[in-house]
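Report on the structure
These are the residues of each chain, in order.
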Amino acid sequence: MNYVLPMVGLAAGTLAFRLVGPYLRSRTTISPRVERLVSVAVAVIFVALIATSALIVDYRFAGFACPAGVLVAAVLAWRKAPFVTIVVAAAATTAALRWFGVA
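Residues numbered from 1 in each chain as written. Predicted model: local features only at pLDDT ≥ 70, side-chain atom pairs only at ≥ 80, totals over all residues. Heavy atoms only, no water.

**Details of the overall build of the protein chain**
- Secondary structure summary: the protein chain contains four helices and two strands in total.
- Each helix (α) and strand (β) of the protein chain, taken in turn from the N terminus, gives the series α-α-β-β-α-α.
- Counting only residues that meet the buried cut, the protein chain has 11% of its 103 residues in that class.
- In the protein chain, of all internal contacts separated by at least 6 residues, the share reaching a separation of at least 24 is 43%. (Helix = DSSP H or I, 4+ residues; strand = E, 2+ residues; numbered from the N terminus. Buried < 20%, exposed > 50% of the residue type's maximum accessible area, 1.4 Å probe, protein only. Contact = heavy atoms within 4.5 Å.)

Written as structure tokens, this is what we have:
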């Protein structure tokens, strides 16, 4: 099947949205309540993505090592640690727990 035409269409649509977005933003007004709801919605979707990625692998519970790594990353992010430190600590926590047999 030829996927070139759908890819070109998606690329053109994405470019159109990117070009028209700033123009429409200056012409429309969004209430502060809607802006607050949208920012909360983004946070909720992000947390749901993290939860499903950390807790479910192959339609089964991922075990305790992965959520523990995510918890370490969350605590370090809350404490405003550097990003590299967060990633390395989360990966090391998950790897260490898996090494010791905590699945």
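Additional details are given in the paragraphs that follow.
**Notes on the packing of helix α2 (residues 32-55) against helix α3 (residues 65-78)**
- For the pair α2 and α3, the least separation of the axes is 8 Å and the interaxial angle reads 145°. Within the contact between the two elements, α2 uses Ile50, Ser53, Ala54 and Leu55 and α3 uses Cys66, Pro67 and Val70.
- For the contact of α2 with α3, the per-class residue count stands at six nonpolar, one polar and no charged. (Axes fitted to C-alpha atoms, helices over the stretch in contact; angles between N-to-C directions. Nonpolar A, V, L, I, M, F, W, Y, C, P; charged D, E, K, R; others polar.)

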